[in-house]
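Structural description and commentary
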Amino acid sequence: MSDCLFCKIAAGEIPSSKVYEDESVLAFRDINPQAPTHILVIPKQHVADSAAQVTPENSAAVAHCFEIIAKIAAQEGLDAGFRVITNAGAAAGQTVPHLHFHILAGVEMADKML
Ligand code: 5GP
Ligand code: ZN
(Lines give C-alpha, C1' and ligand atoms only; values in the text may rest on other atoms or scores of the structure.)
(Ligands and ions follow the chains in the order given, each with its own letter.)
Protein backbone atom coordinates (compact mmCIF):
# COMPACT_ATOMS: atom_id res chain seq x y z
CA MET A 1 0.00 0.00 0.00
CA SER A 2 1.59 3.21 -1.18
CA ASP A 3 0.63 5.41 1.78
CA CYS A 4 1.48 2.85 4.48
CA LEU A 5 4.36 3.78 6.79
CA PHE A 6 5.56 0.20 7.30
CA CYS A 7 5.32 -0.57 3.56
CA LYS A 8 7.61 2.43 3.03
CA ILE A 9 10.02 1.15 5.69
CA ALA A 10 9.92 -2.34 4.12
CA ALA A 11 10.71 -0.79 0.72
CA GLY A 12 13.62 1.18 2.20
CA GLU A 13 11.93 4.50 1.38
CA ILE A 14 12.05 5.41 5.08
CA PRO A 15 15.20 4.40 6.97
CA SER A 16 15.05 2.04 9.93
CA SER A 17 17.44 0.43 12.34
CA LYS A 18 17.34 -3.10 10.93
CA VAL A 19 17.73 -6.12 13.17
CA TYR A 20 16.88 -8.86 10.65
CA GLU A 21 15.79 -9.07 7.05
CA ASP A 22 14.96 -11.83 4.61
CA GLU A 23 12.88 -11.96 1.44
CA SER A 24 9.56 -11.68 3.25
CA VAL A 25 10.18 -10.31 6.76
CA LEU A 26 11.82 -7.19 8.17
CA ALA A 27 12.59 -6.52 11.83
CA PHE A 28 13.70 -3.10 13.04
CA ARG A 29 13.98 -1.14 16.27
CA ASP A 30 10.96 0.85 17.38
CA ILE A 31 11.51 4.60 17.05
CA ASN A 32 9.91 5.16 20.46
CA PRO A 33 11.09 2.17 22.51
CA GLN A 34 8.99 1.15 25.49
CA ALA A 35 11.62 -1.26 26.83
CA PRO A 36 15.42 -1.59 26.51
CA THR A 37 14.74 -4.03 23.68
CA HIS A 38 11.77 -3.03 21.52
CA ILE A 39 11.78 -4.53 18.04
CA LEU A 40 9.03 -4.55 15.41
CA VAL A 41 8.64 -7.59 13.16
CA ILE A 42 6.63 -7.10 9.97
CA PRO A 43 5.80 -9.07 6.85
CA LYS A 44 7.24 -6.94 4.03
CA GLN A 45 4.07 -7.44 2.03
CA HIS A 46 0.98 -5.68 3.31
CA VAL A 47 -0.83 -8.98 3.87
CA ALA A 48 -3.16 -7.60 6.57
CA ASP A 49 -3.83 -4.38 8.48
CA SER A 50 -3.80 -6.26 11.78
CA ALA A 51 -4.32 -9.64 13.45
CA ALA A 52 -8.03 -9.12 12.81
CA GLN A 53 -7.43 -9.84 9.11
CA VAL A 54 -5.43 -13.06 9.38
CA THR A 55 -6.93 -15.80 7.18
CA PRO A 56 -5.91 -19.21 5.81
CA GLU A 57 -4.58 -17.33 2.75
CA ASN A 58 -2.13 -15.10 4.66
CA SER A 59 -1.42 -17.00 7.89
CA ALA A 60 1.88 -18.37 6.54
CA ALA A 61 3.23 -14.82 6.83
CA VAL A 62 2.29 -14.82 10.51
CA ALA A 63 3.95 -18.18 11.09
CA HIS A 64 7.10 -16.92 9.37
CA CYS A 65 7.13 -13.82 11.58
CA PHE A 66 7.10 -16.07 14.64
CA GLU A 67 9.98 -18.17 13.29
CA ILE A 68 11.93 -14.95 12.93
CA ILE A 69 10.89 -13.79 16.41
CA ALA A 70 12.54 -16.93 17.83
CA LYS A 71 15.66 -16.23 15.77
CA ILE A 72 15.82 -12.61 16.91
CA ALA A 73 15.34 -13.61 20.55
CA ALA A 74 18.39 -15.86 20.25
CA GLN A 75 20.36 -13.24 18.30
CA GLU A 76 19.57 -10.52 20.85
CA GLY A 77 20.26 -12.83 23.81
CA LEU A 78 16.80 -12.54 25.28
CA ASP A 79 17.33 -15.65 27.42
CA ALA A 80 15.65 -14.09 30.44
CA GLY A 81 12.40 -13.84 28.50
CA PHE A 82 10.53 -11.53 26.23
CA ARG A 83 6.98 -10.51 25.41
CA VAL A 84 5.35 -10.44 21.97
CA ILE A 85 2.46 -8.02 21.50
CA THR A 86 0.25 -7.25 18.53
CA ASN A 87 -2.30 -4.45 18.72
CA ALA A 88 -5.40 -4.84 16.55
CA GLY A 89 -7.52 -1.75 16.13
CA ALA A 90 -7.57 1.72 17.63
CA ALA A 91 -9.07 0.59 20.94
CA ALA A 92 -6.04 -1.69 21.40
CA GLY A 93 -3.70 1.20 20.70
CA GLN A 94 -2.79 0.29 17.13
CA THR A 95 -1.38 3.32 15.31
CA VAL A 96 0.10 1.74 12.18
CA PRO A 97 -2.36 -0.42 10.19
CA HIS A 98 0.18 -2.91 8.79
CA LEU A 99 0.35 -6.25 10.63
CA HIS A 100 3.28 -6.18 13.04
CA PHE A 101 4.55 -7.80 16.21
CA HIS A 102 6.35 -5.99 19.03
CA ILE A 103 9.16 -7.85 20.80
CA LEU A 104 9.72 -6.32 24.24
CA ALA A 105 12.46 -7.31 26.67
CA GLY A 106 15.04 -6.11 29.13
CA VAL A 107 12.71 -4.83 31.79
CA GLU A 108 10.83 -6.54 34.59
CA MET A 109 7.33 -7.08 33.23
CA ALA A 110 4.21 -6.75 35.28
CA ASP A 111 2.47 -10.03 36.19
CA LYS A 112 -0.66 -8.74 34.57
CA MET A 113 -0.71 -7.98 30.88
CA LEU A 114 -2.63 -4.74 31.31
P1 5GP B 1 1.20 0.06 17.11
O2 5GP B 1 0.89 1.23 18.03
O3 5GP B 1 0.53 0.23 15.76
O4 5GP B 1 0.98 -1.29 17.71
O5 5GP B 1 2.76 0.13 16.87
C6 5GP B 1 3.35 1.03 16.00
C7 5GP B 1 4.76 1.25 16.49
O8 5GP B 1 5.49 1.84 15.43
C9 5GP B 1 4.85 2.21 17.69
O10 5GP B 1 5.46 1.52 18.78
C11 5GP B 1 5.72 3.36 17.16
O12 5GP B 1 6.65 3.84 18.11
C13 5GP B 1 6.43 2.73 15.97
N14 5GP B 1 6.76 3.66 14.92
C15 5GP B 1 5.96 4.65 14.39
N16 5GP B 1 6.59 5.28 13.40
C17 5GP B 1 7.82 4.69 13.28
C18 5GP B 1 8.94 4.91 12.41
O19 5GP B 1 8.94 5.78 11.53
N20 5GP B 1 10.03 4.12 12.60
C21 5GP B 1 10.07 3.15 13.55
N22 5GP B 1 11.20 2.43 13.65
N23 5GP B 1 9.03 2.91 14.38
C24 5GP B 1 7.92 3.66 14.24
ZN1 ZN C 1 1.74 -1.62 4.72
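Just above sits the structure.
One structure accompanies this document, and this report is about it. As the structure is a prediction and not an experimental result, all values here were calculated from the model.

Calculation rules
Residues numbered from 1 in each chain as written. Chains lettered and ligands numbered in written order. Predicted model: local features only at pLDDT ≥ 70, side-chain atom pairs only at ≥ 80, totals over all residues. Heavy atoms only, no water. Donors = N, O, S within 2.8 Å, 3.2 Å for Na, K, Ca; no water. Tetrahedral: all angles 85-135°; square planar, octahedral: opposite > 155°, others 65-115°. Helix = DSSP H or I, 4+ residues; strand = E, 2+ residues; numbered from the N terminus. Buried < 20%, exposed > 50% of the residue type's maximum accessible area, 1.4 Å probe, protein only. Pairing = 2+ DSSP bridges. Near = heavy atom within 4 Å. Polar contact = N/O pair within 3.5 Å; in protein donor to acceptor, adjacent residues only side chain to side chain. Areas by Shrake-Rupley, 256 points an atom, 1.4 Å probe, with all protein chains shown as cover.

**A word on the coordination of the zinc ion (ligand 2)**
Taken together, Cys4 (SG), Cys7 (SG), His46 (ND1) and His98 (ND1) make up the protein donors of the zinc ion (ligand 2), found 2.0 to 2.3 Å from the metal. Around the zinc ion (ligand 2) sit 4 donor atoms, and with donor-metal-donor angles ranging over 106 to 116° the site reads as tetrahedral. Each donor residue of the zinc ion (ligand 2) lies on the same chain, and together they follow the pattern C-x2-C-x38-H-x51-H. Residue Cys4 is located in the segment before helix H1 (5-10), and its partner His98 is located in the loop between strand E4 (83-85) and strand E5 (101-105); the two are separated by 94 residues in the primary sequence. A relative accessible area of 1% places His98 in the buried class.

**Details of the pairing of E5**
Counting buried positions over the 5 residues of E5 gives 5, a clear majority of the element. By the alternation rule, side chains of E5 split into Phe101, Ile103 and Ala105 and His102 and Leu104, which are all buried. In the sheet, strand E3 (residues 37-43) pairs with E5 via 5 bridges, with the strands oriented antiparallel. Among the inter-strand pairings, Ile39 is bridged to a residue of E5, identified as Ile103. Pairing of E4 with E5 involves 3 bridges; the strand directions are antiparallel. Paired with Ile85 across the strands is His102, a residue of E5.

**Regarding the site of ligand 1**
Taken together, 16 residues are adjacent to ligand 1, and Arg29, Asp30, Asn87, Thr95 and His102 come closest. Within the backbone of Val96, an N or O atom sits 3.0 Å from an oxygen atom of ligand 1. In isolation ligand 1 exposes 520 Å². Once the protein is present, 84% of that is buried. It is H1 that contributes the most residues to the shell around ligand 1, 3 residues altogether.

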